[in-house]
Amino acid sequence: MEDQSTNKEPPGENKRLLISSDLATPIYGLFGLGILYTLYVAHQIVLPIILAVMTSLLLSPLVKKAYVKWRVPRMISSLVFVLLVLAGIVGITLAVATPALKWVEEVPQGISRLLVGESEISRQIARVSESAEQVEKSVEELSESERQQPTTVVLQTDSWRNQLMAKARNGIAGLALALALTYFLLVSGDRLIKNFVRQLPIDQRKTVLRITHDSQHQIAQYLGVLGLSNLAVGTTTGLICWAVGLPDPAVWGLVAGLARFIPYLGVILSISMLTIVSAISLDEFWMMAIAPLGFLGLTTLVGFFIEPWIHGFRMAINPVIIFVSIFFWGWLWGPVGVLLAVPLMTVIQVVLKQIPKLRPVYKVIAR
């Protein structure tokens, strides 16, 4: 009897374990929601940090190679690469900003000329407008007795230029913070990782180092190969625009090449942009179709022969997950989130694949 009584566990302990296991899932869910809310609210701080980490992962192999092969100090090589990144961003911005602002002002006028000109589209729109006016007149005659004088309300709002300038100032501040942090990560990031790894158990050190190495390798390959393919697509698109007589052909080629860094949505955006510019600038219908159809055929050709190879070593994640991630990060962080969606999924894929407890999640989202 004494042995049986001693082997019995206290009833409170089983109850405590049951309660903790039942509360595990809700607690993890609340923790995840808390992280998402923090990422949304603190995006002005979080985004520069993530940009700096991604950029340092991309440039770190180059800094190491410069030190090992040519004995260039890390401080000098890191500064050179950061300045090159800054020069590239400034150059692209200056090349695109002025024509983009000009076209933003000219597009409404061009569409108006297109719609009110002598074309089948304008005639169909004119018929619809006449029918709508007749319906409006009939409705006005029926409700004329109950009609009251409308009150004009004037809303004081900032112009789109002022809003654009405010966002540009915030973007410049975030970019400066990201580049400064990138420099320090390139100079001292390896030392920080080593100090962090030393504090972990021995069986976890290799996993952390493997995740860091694989992330650098995957992102460098992804951006390198995709950058070369997009350069070819952008150059060819610019030549097509020049051949058909579109204004600013180099700008449209540059925008088309950069937009392809955004999977799916970038191609749709480029086709829409080329269609609008061609319709406004050209007179013949068959000439209008050359640039957008040429870009569509070119990007399809590249997608069939080059993109499968890129996706083969970059990630083996279901395209549905990639598509959803683009919308998710875009909703969370706007256009910057859309650009970061695929690199973030690359890092997330590496983490899920290397950690045994998270590997089932990787198997669920894999192709």
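Read on for an overview of the structure. Predicted model, so just to flag it, every value in this text is computed and none were measured. (Residues numbered from 1 in each chain as written. Predicted model: local features only at pLDDT ≥ 70, side-chain atom pairs only at ≥ 80, totals over all residues. Heavy atoms only, no water.)

### With respect to the packing of helix α7 (residues 202-244) against helix α14 (residues 335-354)
Contact pair α7 / α14: the axes reach a minimum separation of 9 Å and the direction vectors enclose 145°. In terms of crossing hand, the pair formed by α7 and α14 is right-handed. Residue-level contacts link Thr207, Arg210, Ile211, Asp214, Ser215, Gln218, Ile219 and Tyr222 of α7 to Val342, Pro343, Thr346, Val347, Val350, Val351 and Gln354 of α14. Of the residues assigned to the contact of α7 with α14, the class counts are eight nonpolar, five polar and two charged. (Axes fitted to C-alpha atoms, helices over the stretch in contact; angles between N-to-C directions. Helix = DSSP H or I, 4+ residues; strand = E, 2+ residues; numbered from the N terminus. Left-handed = near helix turned anticlockwise from the far one by under 90°. Contact = heavy atoms within 4.5 Å. Nonpolar A, V, L, I, M, F, W, Y, C, P; charged D, E, K, R; others polar.)

### Digging into the packing of aromatic side chains
Applying the stated criterion across every chain, the model contains six aromatic pairs. Both rings, one in Tyr183 and one in Phe184, keep their centres 5.5 Å apart while their planes meet at 70°; by these two values the pair is edge-to-face. An aromatic cluster is present here, built from Tyr40, Phe328, Trp329, Trp331 and Trp333 joined pairwise through their rings. Sitting above the plane of the Tyr67 ring, Arg71 keeps its charged end 5.4 Å from the centroid. (Phe/Tyr/Trp six-rings, centres within 6.5 Å; stacked < 30°, edge-to-face > 60°. Lys NZ or Arg CZ within 6 Å of the ring centre and 35° of its normal.)

### A word on the side chain of Ser278
As for its placement among the helices and strands, Ser278 is situated in helix α9 (residues 265-281). For Ser278, a relative accessible area of 0% puts it in the buried group. Among the polar contacts made by the side chain of Ser278, one reaches the main-chain carbonyl oxygen of Leu274 at a distance of 2.7 Å. Those residues in contact with Ser278, other than ones at most four positions away along the chain, are Leu246, Met288, Ala291 and Pro292. (Buried < 20%, exposed > 50% of the residue type's maximum accessible area, 1.4 Å probe, protein only. Polar contact = N/O pair within 3.5 Å; in protein donor to acceptor, adjacent residues only side chain to side chain.)

### Digging into the side chain of Ser56
Along the polypeptide, Ser56 turns up in helix α3 (residues 43-70). Given the relative accessible area of 9%, Ser56 is considered buried.

### Here's the deal with the packing of α3 against α7
At a minimum axis distance of 9 Å, the contact between α3 and α7 shows a crossing angle of 95°. With respect to each other, α3 and α7 are oriented roughly perpendicular. Together, Met54, Leu57, Leu58, Ser60, Pro61 and Lys64 of α3 and Ser215, Gln216, Ile219, Ala220 and Leu223 of α7 make up the contact between the two elements. A class-by-class count of the residues in the contact of α3 with α7 yields seven nonpolar, three polar and one charged. (Parallel < 35°, antiparallel > 145°, perpendicular 65-115°, else oblique.)

### Thoughts on the nonpolar core
By size, the foremost hydrophobic cluster in this structure holds 26 residues, and its most contacted members are Ile50, Met54, Trp329, Trp333, Leu340 and Leu344. Elements supplying a minimum of two residues to this core: α3, α7, α13 (319-333), α14 and α15 (359-365). Here the element with the most residues in this core is α14; it accounts for eight residues. Setting aside chain neighbours within four positions, we find Leu340 in contact with Leu47, Ile50, Leu51 and Met54. Listed in part, the 21 residues of the second largest apolar core include Ala256, Val277, Ala279 and Leu298. (Core = buried A, V, L, I, M, F, W, Y, C linked by side-chain atoms within 4.5 Å.)

### Describing the environment of Arg210
Mapping Arg210 onto the fold places it in helix α7. Given a relative accessible area of 37%, Arg210 falls into the partly exposed group.

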